[in-house]
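Analysis of the macromolecular model
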Amino acid sequence: MEGLLKLWAETGIANFEFGQIVMIIVGCGLLFLAIRKGFEPLLLLPMGFGAILANIPNAGFTDPGGLLYYIYYVGIETGIFPLLIFMGVGAMTDFGALIANPKTLLLGAAAQFGIFFTLFGAIVLNVIPGMEFTLADASSIAIIGGADGPTAIFLASRLSPDLLGAIAVAAYSYMALVPIIQPPIMKALTTPEERQIQMQQLRHVTKMEKVLFPLAVLLMTILFLPSATPLVGMFCLGNLMRESGVVDRLSNTVQNELINIVTIMLGLGVGSKLEAATFLQIETLGILVLGAVAFSVGTGGGVLMAKALNRFSKEPINPLIGAAGVSAVPMAARVVNKVGLDANPQNFLLMHAMGPNVAGVLGSAVAAGILLALVGG
């Protein structure tokens, strides 16, 4: 009998706590969104599975020496995984649209307004009982507005590791919901006539321009915001591999095998922070609400900046492309193209929207660098 009691005491049934059951259900919900709905499956699937593993009693996955503990410590706490993801994204990015129309850099910058707007919103929420966000916490939450998962994870791991799970879930959830969240905002801020504006074809961009661009971006970052160079530098390295044409093997590896392996590990590592004790807090609700505000304000900021540019530009600019200033590449650009086609079947905005879209990637990295320099130092 004593042996049976001891065996019973080691079962999951005897040790499950209510919060763990809730978080396993949350993990299954992430799997459902990834598999059934196709929402950011490359990360939500391993993240959801990691959340399930992290909440299994007596399994020890997140204890020192456990699998998820080492994945998080080696890849996320050190910041290595987000940096490798940025290198892979850089290798998959074509800056041609941005180089051909440099004005769209302003749209990527304007879309980051949601980050700094939400920074103050997070601080204001401290008046609510149970909400205790420090300036570092507020900075980590605000970066969700950039719609850039790796950047959000990188900054949160530096400033607010206890909030990493909630911030990552919010960031990738809103990235996945771009086709749902953005169109109403875009339509509310533009007139039917503005949505029908057709833009002129972009000029041809030479190989030399594409090779020099990542080097120029890196130089500017080194001179004016060194704290952003970890993210921007790896992004530029990946892009230089792509555009140089002399290291195709390396470029292909970074775009495929490396980024795929790192994505699996990153998802599991983030999932390890979805333990019931840290996730089931009132702060999590605040993070989800602020994340939605940040993303919405960022989208609106990009559209309004595009409207302003259209007033002073000699060439017509469709304000819809401003919504692509958030760095959800290339989903935001595809949403812009779809809304444009709905307004005008001859209105093809995809390539034009890619300019502010890739500018948004740089913008979110720069915003993270600014926050890291101001708060982390």
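Computed from a prediction, not measured in an experiment: that's the story for all the values here.

Quick word on the overall build of the protein chain
When its secondary structure is counted, the protein chain shows 21 helices and zero strands. Computed over its C-alpha atoms, the radius of gyration of the protein chain comes to 22 Å, within 12% of the 21 Å expected for a compact globule of 377 residues. With the C-alpha coordinates aligned to their principal axes, the bounding extent of the protein chain is approximately 85 × 45 × 40 Å. Classification of the 377 residues of the protein chain by burial places 53% in the buried group. By sequence separation, contacts in the protein chain at least 24 residues apart represent 78% of the contacts at least 6 residues apart. The averaged location of the 21 negative side-chain charges in the protein chain is 14 Å from the averaged location of its 18 positive side-chain charges.

Remarks on helix α12 (residues 164–176)
At 3.6 residues per turn, the α-helix brings residues three or four places apart onto the same side. The end-to-end C-alpha distance of α12, which contains 13 residues, comes to 18 Å, matching closely the 18 Å that a straight helix rising 1.5 Å per residue would cover. Of all 13 residues that make up α12, 13 are buried, and the element is covered over most of its length.

Quick notes on the packing of aromatic side chains
Counting across every chain of the model gives six aromatic pairs. For the pair F95 and F235, a centre-to-centre distance of 5.6 Å together with 75° between the ring planes defines the contact as edge-to-face. You can see F95 sitting in the loop between α6 (80–91) and α7 (96–100) and its partner F235 sitting in helix α16 (residues 229–244), a full 140 residues away along the chain. With respect to class, F95 is no different from F235; both count as buried. A network of ring pairs unites the aromatic residues F86, F95, F213 and F235 as a single cluster. The ring of Y72 has K273 sitting right over it, with the charged end atom 4.7 Å from the ring centre.

Details of unusual backbone geometry
With a phi close to 40°, E40 is a non-glycine residue in the positive phi region. Structurally, the position occupied by E40 is in the loop between α3 (18–35) and α4 (41–54). Within the chain, N58 stands out as a residue other than glycine whose phi angle is a positive 65°. Within the element layout of this structure, N58 appears in the loop between α4 and α5 (67–77).

Some remarks on the layout of surface pockets
Empty space within the largest pocket amounts to approximately 780 Å³. In this structure, the largest pocket is lined by 30 residues; those nearest its centre are E40, V89, M92, V329 and P330. Where the lining of the largest pocket is concerned, the elements lending two or more residues are α4, α6, α11 (149–159), α12, α17 (248–271), α20 (331–343) and α21 (350–376). A per-element tally of the lining of the largest pocket places α17 first, with five residues. The class makeup of the residues in the lining of the largest pocket is 20 nonpolar, six polar and four charged. Its volume calculated, the second largest pocket comes out at about 520 Å³. Surrounding the second largest pocket, 22 residues form its lining, L105, V217, M220, L362 and V366 being those nearest its centre. Among the elements of the structure, α8 (104–110), α15 (207–224) and α21 are those that each provide at least two residues to the lining of the second largest pocket. When grouped by side-chain class, the residues that make up the lining of the second largest pocket number 18 nonpolar, four polar and no charged.

Observations concerning the packing of α6 against α17
Here α6 crosses α17 at 145°, and the two axes come no closer than 9 Å. Remark: the crossing between α6 and α17 carries left-handed chirality. Residue-level contacts link F81, P82, L84, I85, M87, G88, V89 and A91 of α6 to S251, V254, Q255, L258, I259, V262, T263, M265 and L266 of α17. Among the residues forming the contact of α6 with α17, the class breakdown is 13 nonpolar, four polar and no charged.

Here's the deal with the side chain of S251
Among the structural elements, S251 can be located in helix α17. Judged by relative accessible area, S251 falls into the buried class, the value being 4%. With residues up to four places along the chain from it excluded, the contact list for S251 reads A91, M241 and R242.

Conventions used here
Sequence positions are assigned chain by chain, starting from 1 and proceeding in written order. Local features are withheld for residues below a pLDDT of 70 in this predicted model, meaning they are given only at 70 or higher, and side-chain atom pairs are given and counted only at 80 or more; totals for whole chains, interfaces and linings count all residues. The side-chain numbers reported here are obtained from all heavy atoms of the structure, hydrogens and water having been left aside. Put simply, DSSP H or I for four residues or longer makes a helix, DSSP E for two residues or longer makes a strand, and each gets a number counted from the N terminus. Based on C-alpha atoms, the radius of gyration is set beside the globule rule, defined as 2.2 Å times the residue count to the power 0.38. We call a residue buried when its accessible area falls under 20% of the maximum for its residue type, exposed when it is over 50%, and partly exposed in between, using a 1.4 Å probe and counting protein chains only. Two residues form a contact once any of their heavy atoms are found within 4.5 Å. The sign given to each residue is positive for Lys and Arg and negative for Asp and Glu; His and the chain ends receive no count. Here the site of a charge means atom NZ of a Lys, CZ of an Arg, CG of an Asp or CD of a Glu. Expected span, for any helix, means 1.5 Å times one less than how many residues it has. Only Phe, Tyr and Trp rings are paired, with Trp represented by its six-membered ring, and only when their centres lie within 6.5 Å; those with planes under 30 degrees apart are stacked, over 60 edge-to-face, the remainder tilted. When the NZ atom of lysine or the CZ atom of arginine is within 6 Å of a ring's centre and also within 35 degrees of its normal, the charge is said to sit over that ring. For cavity detection a 1 Å grid was placed over the protein atoms alone, and a set of points counts as a cavity when a 1.4 Å probe fits there but cannot get out; an open set counts as a pocket when protein lies on both sides within 12 Å along at least five of seven lines, with lining residues being those that have an atom within 4 Å of a point. Grid points are joined across faces, edges and corners, and a volume is the space filled by probe spheres set on the points. Lys, Arg, Asp and Glu make up the charged group, whereas Ala, Val, Leu, Ile, Met, Phe, Trp, Tyr, Cys and Pro make up the nonpolar group; the residues left over, Gly among them, are polar. Only the stretch in contact is used when fitting a helix axis, every axis being a line fitted to C-alpha atoms; angles between N-to-C directions are given from 0 to 180 degrees. Crossing chirality is assigned from the near helix's rotation relative to the far helix, an anticlockwise turn below a right angle marking it left-handed and a clockwise turn marking it right-handed.

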